[in-house]
Amino acid sequence: MKVPKIFSAIAAAAIMFAASAGVSAAPQFADFDVVDGVNWQEKVIIVSGEGIVPPDAVNLTQAKRLASQAAKADAYRKLGEYVNGVRVEGETTVEKLLTTQDKVQLKVSATIKGAKVIKEGFLTDGAYRVIMQVPLFGVSNSLAGAVLEKPKEVEDFPEPDENVAPAEMPYDSSTPVKRRIEITKVTIEEEVYVPTPTTPAEPVTPATPYVSPLTRMSVPSLDTIIMNKLEENLPSMQMPTYQPTAYDTSSKKAKRSVAEYASMAKGDYTGLVVDCRGLDLQPVMSPVVKNLNGTKIYGHKNLDIDKVISMGMADYVDDTSHFDRAGKNPLVVKAASLDNFNSNPVLSVPDSNRVLIENYATKFLKDLKVVFLFD
């Protein structure tokens, strides 16, 4: 930015004044750049603003104050633009919420005004720059605290689908996380092939859905798994009479206990990593994880809203080295697709069953130990 020589002279005077006063000028009075925008990995909205010293400034103190005010006004304007564009869920942006909810509008305005100045000072060309940021999540003055509403009641996590056996994961606790990502990279989208008949009389073979190698394994039903676990853990003389109930589509089966589902867990997993690479995942503040049946298996209504506001529902990472949030032994699954404007990962039913069963044992979903891998 080009500015009149008198302004550059004032900036130079400021640098000289700091030096003569014994103040280290390098961190404050130097060129510094920042990429404006929403950083989902760092969970912040960060912007820079610039201003110049007005020609009627009478001394150094006034010159710096007026230039700083101009730079902050520019930064606040940018913050407002970026905040409005943040997606809360699906196609719902903060801007849409502001047009319908006065309470949210007041909270968002206060959040922007409370933005933190992380660096400011004169540039070498005499302009004044300030860098400000607003946290997406956090206990105090975060965007999440302004826009996320507390659900009327916390909903239980759903039960696994009784008609589908849970996926058997092709790795164990000793498998490095990067290797787990490689193993689960296999696509699980359905590929249907219908052969073209050579003659009208030739019958057409019914299309056969593609089945992932991860779900091709012959595995017992949920009832059988529970039965086997009970036999392993109880002496034969204490074995209770247990008759698996056949699935009845005409009436709802009795809900299983947490202990029953937990007994089927195998991995002692510390968290969940959902590989969404290649699907154009769009980060949002309140994502939902579903399965191909449309069942929501993870959403803010299942969680403590204070925890969601404090840390967010998931980490968005684009590097296979940053899975700290999911712990040292994460369950890794591949998203089959996305829905709701590419904001919600969708899992295969066997994979979602495995996630739910393991969560009953170690409660990693309740603790928000979730990571989305995207590109």
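For the structure, see preceding data.
Residues numbered from 1 in each chain as written. Predicted model: local features only at pLDDT ≥ 70, side-chain atom pairs only at ≥ 80, totals over all residues. Heavy atoms only, no water.

## Observations concerning the sheet that holds strand 14 (residues 370–373)
Here is step 1 of the chain: Pairing within the open sheet is parallel, and its 4 strands lie in the order 10-14-7-11. Each edge of the open sheet is held by one strand with a lone partner, namely strand 10 (315–317) and strand 11 (330–334). Put simply, the sheet's adjacent strands are angled 20 degrees from each other on average, direction ignored.
Here is step 2 of the chain: Bridging between strand 7 (residues 271–275) and strand 14 involves 4 bridges; their strand directions are parallel. By the bridge assignment for strand 14, valine 273 is matched with valine 371.
Here is step 3 of the chain: Along the sheet, helix 10 (residues 349–362) contacts strand 7 and strand 11; its crossing angle with strand 11, the most-contacted strand, is approximately 165 degrees. (Pairing = 2+ DSSP bridges. Helix = DSSP H or I, 4+ residues; strand = E, 2+ residues; numbered from the N terminus. Axes fitted to C-alpha atoms, helices over the stretch in contact; angles between N-to-C directions. Contact = heavy atoms within 4.5 Å.)

## A look at the sheet that holds strand 5 (residues 116–122)
Here is step 1 of the chain: Across the sheet, which stays open at both edges, the 4 strands sit in the order 1-2-6-5 with antiparallel pairing between neighbours. Of all strands in the sheet, those bounded by a partner on one side alone are strand 1 (37–39) and strand 5. Within this sheet the neighbouring strands show an average axis-to-axis angle of 20 degrees, counted without direction.
Here is step 2 of the chain: Both strand 5 and strand 6 (residues 128–135) contribute to a ladder of 6 bridges, which runs antiparallel.

## A closer look at the pattern of salt bridges
Here is step 1 of the chain: Tallied over the entire structure, the rule returns 14 salt bridges.
Here is step 2 of the chain: Put simply, glutamate 182 and arginine 179 hold a salt bridge, and the shortest N to O gap is 3.1 Å. With a gap of 3 residues between them, glutamate 182 and arginine 179 both fall in helix 6 (residues 177–183), about one helical turn apart.
Here is step 3 of the chain: For arginine 179, a relative accessible area of 42% puts it in the partly exposed group.
Here is step 4 of the chain: Among the ionic pairs, lysine 290 bridges to aspartate 339, the shortest N-O distance being 2.9 Å. (Salt bridge = Lys/Arg side-chain N within 4 Å of Asp/Glu carboxyl O. Buried < 20%, exposed > 50% of the residue type's maximum accessible area, 1.4 Å probe, protein only.)

## A closer look at the environment of glycine 138
Here is step 1 of the chain: Following the sequence through the fold, glycine 138 ends up in the loop between strand 6 and helix 5 (143–147).
Here is step 2 of the chain: Spatially, the C-alpha atom of glycine 138 lies 8.2 Å from that of glycine 312, the residues being 174 residues apart in sequence.
Here is step 3 of the chain: Residues contacting glycine 138, with those up to four places away along its chain left out, are Ile309 and Ser310.

## Structural notes on helix 4 (residues 102–113)
Here is step 1 of the chain: Relative to the 16 Å expected for 12 residues at 1.5 Å per residue, helix 4 spans 17 Å between its end C-alpha atoms, a close match to the ideal helical length.
Here is step 2 of the chain: Every buried residue of helix 4 is listed here: Val104, Val108, Thr111 and Ile112. Viewed along the axis of helix 4, the buried residues span an arc of 95 degrees, placing them on a single side of the element. Exposed and oriented more than 90 degrees from the buried face of helix 4 are Asp102, Lys103, Leu106 and Lys113. (Expected span 1.5 Å × (residues − 1). Arc of directions from axis to C-beta.)

## Observations regarding a negative patch on the surface
Here is step 1 of the chain: Negative charge collects at one region of the surface, where Asp280, Asp318, Asp319 and Asp375 lie side by side.
Here is step 2 of the chain: The topology assignment puts aspartate 319 in the loop between strand 10 and strand 11. (Patch = residues over 30% accessible without salt bridge, like charges linked within 9 Å, V, L, I, M, F, W, Y side chains within 5 Å. Areas by Shrake-Rupley, 256 points an atom, 1.4 Å probe, with all protein chains shown as cover. Lys, Arg positive; Asp, Glu negative; His and termini not counted. Charge placed at Lys NZ, Arg CZ, Asp CG, Glu CD.)

## Overview of helix 2 (residues 60–85)
Here is step 1 of the chain: For helix 2, with 26 residues, the first-to-last C-alpha span of 38 Å sits near the 38 Å given by 1.5 Å per residue.
Here is step 2 of the chain: Those residues of helix 2 lying buried are Ala63, Ala67, Ser68, Ala71, Asp74, Ala75, Lys78, Leu79, Gly80 and Val83.
Here is step 3 of the chain: You can read the cap of helix 2 off the contacts: a side-chain oxygen lies 3.3 Å from the backbone nitrogen of threonine 61, and it is on asparagine 59. (Polar contact = N/O pair within 3.5 Å; in protein donor to acceptor, adjacent residues only side chain to side chain.)

## A closer look at the packing of helix 2 against helix 4
Here is step 1 of the chain: Between helix 2 and helix 4, the least distance of the axes is 10 Å, while the angle of their chain directions is 135 degrees. Compared by their axis directions, helix 2 and helix 4 come out oblique. Remark: the crossing between helix 2 and helix 4 carries right-handed chirality. Along the contact surface, helix 2 presents Tyr76, Leu79, Gly80 and Val83, while helix 4 presents Val108, Ile112 and Lys113.
Here is step 2 of the chain: Of the residues belonging to the contact of helix 2 with helix 4, the class tally is 5 nonpolar, 1 polar and 1 charged. (Parallel < 35°, antiparallel > 145°, perpendicular 65-115°, else oblique. Left-handed = near helix turned anticlockwise from the far one by under 90°. Nonpolar A, V, L, I, M, F, W, Y, C, P; charged D, E, K, R; others polar.)

## What to know about the environment of aspartate 324
Here is step 1 of the chain: By the element assignment, aspartate 324 lies in the loop between strand 10 and strand 11.
Here is step 2 of the chain: Each C-alpha atom of the pair aspartate 324 and valine 370 lies 9.8 Å from the other, and the pair is 46 residues apart in sequence.

## Observations concerning the side chain of glutamate 358
Here is step 1 of the chain: Take glutamate 358: it is sitting in helix 10.
Here is step 2 of the chain: Sequence-distant contacts of glutamate 358, defined by excluding residues within four places in its chain, comprise Ala265, Lys266, Gly267, Asp268, Tyr269, Leu331, Lys363 and Phe364.

## Let's talk about the pairing of strand 11
Here is step 1 of the chain: The buried count for strand 11 comes to 5 of 5 residues, which makes it a mostly enclosed element.
Here is step 2 of the chain: The pairing of strand 7 with strand 11 spans 5 bridges and is parallel. Within the sheet, the bridge partner assigned to aspartate 275 lies in strand 11 and is lysine 334.

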